Amino acid sequence: MENGDYIEKAKLLRKAMKGMGTDEKAIIAVTASLTNKERIKVREAFKAEFNRDLIADFDDELSFNLKKTIIGLYRTPEEFDAHQLYEAFKGIGTDEDTVSEVLGTKCNKRMADIKQCYHKMFSESLEVRLDSETSGDYKKLLIGLLQCDRDESDDVDKDAVESDCRALYKAGEGKWGT
């Protein structure tokens, strides 16, 4: 897509949200026609063209699941993950499933990007927040993951794998809990 195409898409979105009511079908049509990288470019063009935050406008104009989905689609992957973590910490308790999914599945580079993005978006350290939201071995695991120093090579030490499997089996065999 050319730069002018991004501006045209931004204009379509602005038109869909301007005045009385919101043309949700137009927003869906524009959004569905773009890749994530293109949506980010449209978001930038929207800011440049109208001096408005596209995500804030979606937040004002849309509701419920459509709002969450559309806003999520216009975020970078790192912004999306950082926001998911922030939401997992809100309210009473922590949504540990979300925290585990986000932090347990990322490579070192992506984890570092998420940490930086989280700090930029929410003006707090992700590590400090995790420290206050979790405890015990789970906290140690998460803080360890945040160090971004996992071995990402494809080399496998078969003896170490076998030893780890024996230790895990022994730790759980015939016991309540581990």
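Above this text you will find the structure in question.
Residues numbered from 1 in each chain as written. Predicted model: local features only at pLDDT ≥ 70, side-chain atom pairs only at ≥ 80, totals over all residues. Heavy atoms only, no water.

Undergrad: Explain the overall build of the protein chain here, please?
TA: The secondary structure content of the protein chain amounts to 11 helices and zero strands. Ordering the α and β elements of the protein chain from the N terminus gives α-α-α-α-α-α-α-α-α-α-α. Its C-alpha atoms give the protein chain a radius of gyration of 21 Å, clearly above 16 Å, the size a compact globule of 178 residues would have. Taken along the three principal axes of its C-alpha coordinates, the protein chain extends 65 × 40 × 30 Å. Classification of the 178 residues of the protein chain by burial places 30% in the buried group. The long-range share in the protein chain, meaning contacts at least 24 apart out of those at least 6 apart in sequence, stands at 64%. (Helix = DSSP H or I, 4+ residues; strand = E, 2+ residues; numbered from the N terminus. Rg over C-alpha atoms; globule rule 2.2 N^0.38 Å. Buried < 20%, exposed > 50% of the residue type's maximum accessible area, 1.4 Å probe, protein only. Contact = heavy atoms within 4.5 Å.)

Undergrad: Sorry, what's going on with the packing of helix 1 (residues 3-17) against helix 4 (residues 54-61) here?
TA: A packed helix pair is summarised by two numbers, namely the angle formed by the two axes and the spacing between the axes. The geometry of helix 1 relative to helix 4 is characterised by a closest axis approach of 11 Å and an angle of 25° between their N-to-C directions. One finds that helix 1 runs roughly parallel with respect to helix 4. Classified by chirality, the crossing of helix 4 by helix 1 is left-handed. Side by side, helix 1 and helix 4 meet where Leu13, Arg14 and Met17 of the first sit next to Leu54, Asp57, Phe58 and Glu61 of the second. (Axes fitted to C-alpha atoms, helices over the stretch in contact; angles between N-to-C directions. Parallel < 35°, antiparallel > 145°, perpendicular 65-115°, else oblique. Left-handed = near helix turned anticlockwise from the far one by under 90°.)

Undergrad: In this structure, what is going on with the packing of aromatic side chains? I would like to understand it.
TA: How two aromatic rings sit relative to each other is set out by the distance from centre to centre and by the angle between their planes. Following the criterion strictly, the structure yields five aromatic pairs and no others. Aromatic pair Phe89 and Tyr118: ring centres 6.4 Å apart, planes at 80°, arrangement edge-to-face. Of the two residues, Phe89 is situated in helix 6 (residues 77-89) and Tyr118 in helix 8 (residues 108-122); the sequence distance between them amounts to 29 residues. Both residues of the pair, Phe89 and Tyr118, count as buried. (Phe/Tyr/Trp six-rings, centres within 6.5 Å; stacked < 30°, edge-to-face > 60°.)

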